[in-house]
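Architecture and fold: a report
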Amino acid sequence: MDMLKKVPVREQDAKVRATNFEEVCYGYNAKEAQAEASRCLKCKNAKCMGGCPVSIDIPGFIREVEAGDFEAAANVIAEASALPAVCGRVCPQESQCEGQCIRGIKGEPISIGKLERFVADWSRENGFVPKATKEKNGRRVAVVGSGPAGLTCAGDLAKMGYDVTIFEALHEPGGVLIYGIPEFRLPKETVVQTEIENVKKLGVKIETDVIIGKSVTIDELMDEEGYEAVFIGSGAGLPKFMGIPGENANGVFSANEYLTRSNLMKAFRDDYDTPIVAGKRVAVVGGGNVAMDAARTALRLGAEVFIVYRRSEAELPARVEEVHHAKEEGVEFHLLTNPVEILTNEKGWVTGMIVRKMELGEPDESGRRRPVEVPGSDYTIEVDTVIMSLGTSPNPLIASTTEGLEVNRRKCIVAEMENGQTSRPGVFAGGDAVTGAATVILAMEAGKHGAQGIHEYLCGKA
């Protein structure tokens, strides 16, 4: 075994998986996991932990995997994370824990994410349940939203003894884990629902079909229903558009709607009646993970798919792994290209998209080189469907119905990063509702900070 190289992970063949919604990556088996764990240098000053937003004891759980004590490894992870099977699949480890791995200096870093996934999958398959919470303290906390921030905050508070109820607007809990990430990346029944059930086993209650700001307000939760604190983890589900001619045409979707129809409403399954426009030639505008998810979903629904992104491949915000998988499956990339108009027929349906070539200029405030239009470079891509994946912002409903709750110019809730405290006493917030659209693991980090902030706040009130 070459200790400088990762143990390869098994995957579906690209041509086969492009026609189905089954999970792309098979993950490690026990023998492969132990072999990969044996590559760990067991650093005394483990930099990988500094790269983990939720501070998992990475060397600790890897040590147990190498020894074959997978239950002990699961206990180590459970101390810090309520969603290990999710994180092991969708976290950008290459820029976080694995990006800090010392083994990666003279070789390939340890596959920390794949090992975390292995432990989580072993736990599910062998009936492992996280340790029971301690005795309840009788104090009630409400959590708005059952996505990664809300689930993490609720789980941590339950472990501290609080009586926690999550209020979810949709009919199924899970937030973006359910409606935003496709089945082929994150299986819903086997992975997401199992981890939600584990949070419930800590004592957390979940009420679905409750729209905070409409069904009940934050003030009513605190003043009339007896909740001493509230954590807002409602995410960022309001899609952004370009404002170009033709954007209101039939056949133009936000990635948010397109993915929700497929993921939450199961439009990709023949035994469901949810309508979805599959399209024959689909353009996806954007270069993030959501754009890759939308493109790969459209591909599986039978379309020829084009990613249109205004910067170069080096600036693509999507994970390298997701871009690699999209290319393998046959998605075509039009880079340094930006839409200027969507063309329609006399009935208002999309027939094509005029795009303009770009070149990279000086860096902007994000540090990436600013795309600059190339005069006279317009050309037309023939498409019948356009999916806009340009980011999302928080729904303004909660802020507009909660007096004194400060928001910024992007309509994101203003909250302290270290504890989630907002401008309203007793009201905390974190995740995409505060930062705008970001990653699952950063939302989880915010949920942990919010839980600790609520605990300190309520201890101060006692």
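As a starting point, this report considers the structure included with it. (Residues numbered from 1 in each chain as written. Predicted model: local features only at pLDDT ≥ 70, side-chain atom pairs only at ≥ 80, totals over all residues. Heavy atoms only, no water.)

**Re the layout of surface pockets**
- What the second largest pocket holds in volume is close to 430 Å³.
- Along the walls of the second largest pocket sit 18 residues, with K6, V9, S111, K114 and E321 positioned nearest its centre.
- Here the lining of the second largest pocket takes three residues from helix α14 (residues 320-329), the largest share from any one element.
- Tallied by class, the residues present in the lining of the second largest pocket amount to six nonpolar, three polar and nine charged. (1 Å grid on protein atoms, 1.4 Å probe; cavity = no way out; pocket = protein on both sides within 12 Å on 5 of 7 lines; lining within 4 Å. Points joined across faces, edges and corners; volume = space filled by probe spheres on them. Helix = DSSP H or I, 4+ residues; strand = E, 2+ residues; numbered from the N terminus. Nonpolar A, V, L, I, M, F, W, Y, C, P; charged D, E, K, R; others polar.)

**Some details on the pairing of strand β11 (residues 332-335)**
- Two elements, strand β10 (residues 304-309) and β11, share four bridges in a ladder whose sense is parallel. Bridge assignment links Y309 to a residue of β11, and that residue is L335.
- The handedness of the β10 to β11 crossover, carried by α14, is right-handed. (Pairing = 2+ DSSP bridges. Right-handed = clockwise from strand over helix to strand, strands pointing away.)

**Observations regarding the sheet that holds strand β5 (residues 205-207)**
- Here five strands make up an open sheet; going across it, the order is β5-β4-β3-β6-β18 and the pairing parallel. The open sheet has two edge strands with one neighbour each: β5 and β18 (427-429). Going from strand to strand, the sheet's axes swing by 20 degrees on average, the running direction of each strand aside.
- Where strand β3 (residues 140-144) and strand β6 (residues 229-232) come together, four bridges link them in parallel fashion. Note that in β6 the partner of A142 across the bridge is V230.
- Contacts from helix α8 (residues 148-159) reach β3, β4 (163-167) and β6 within the one sheet, and its direction differs from that of β4 by about 170 degrees. (Axes fitted to C-alpha atoms, helices over the stretch in contact; angles between N-to-C directions. Contact = heavy atoms within 4.5 Å.)

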